[in-house]
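Geometric and topological summary
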Amino acid sequence: MKVPVKVEARKQIGVIGAGACGSEVRTLAERVGREIAKRGAVLLCGGLGGVMEAAAYGAKQEGGITLGILPGALREEANLWIDIAVVSGMGHARNALIAQSSDALIAVNGEYGTLSEIALGLKMGKPVVVVEPGWKIEGIHRAKSPEEAVELAFRLTENKGTY
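The sections below set out a description of the structure shown in this document. (Residues numbered from 1 in each chain as written. Predicted model: local features only at pLDDT ≥ 70, side-chain atom pairs only at ≥ 80, totals over all residues. Heavy atoms only, no water.)

Relative to the elements of secondary structure, G33 occurs in helix α1 (residues 23-38). G33 gets classed as buried once you look at its relative accessible area, which sits at 0%. Taking C-alpha positions, G33 is 9.7 Å from E147, a pair spaced 114 residues apart along the chain. Discounting residues that sit within four places of it in the chain, G33 has contacts with L43, A55, G58 and A59. (Helix = DSSP H or I, 4+ residues; strand = E, 2+ residues; numbered from the N terminus. Buried < 20%, exposed > 50% of the residue type's maximum accessible area, 1.4 Å probe, protein only. Contact = heavy atoms within 4.5 Å.)

All right, on to the state of the cysteines then. For the structure on display, the rule yields 0 disulfides. Here C45 stays unpaired: no disulfide links it, and the sulfur of C21, its closest cysteine neighbor, is 12 Å away. You can call C45 buried: its relative accessible area is 0%. (Disulfide = S-S within 2.5 Å.)

Following this line, the structure appears as structure tokens:
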């Protein structure tokens, strides 16, 4: 039997935000997705529309891998840009899975669901980066651009990810 060696795990960067968004927020989310894919990480999100769809689209434009943790029980609910759809059947409680499965979280705009993911991420000790303008919460990191947000997320997760 071959003994496994420690390998560097591919980072999983969670992108969180509202399920519906305007064109300005969509553009920010797409840029976040592109930057994540350029760095070879998996983009993890809630798998539905809005920020999640835009970020996944951006990642796919750069040949990235996307994973969506869906609230329902049907893989078909995932947006077109999701490679791996995980059905949770947990509704909003799936936000805990998104936070726990991410090495870092990047919030692009958002509503109460996003706020819950931010809180869960912080509680779990995960770095949370907010793209301006955004939430003002103690413990988060702020970024002026999508590119800065991804750079910061990677910097905050350095030396993590071996298994």
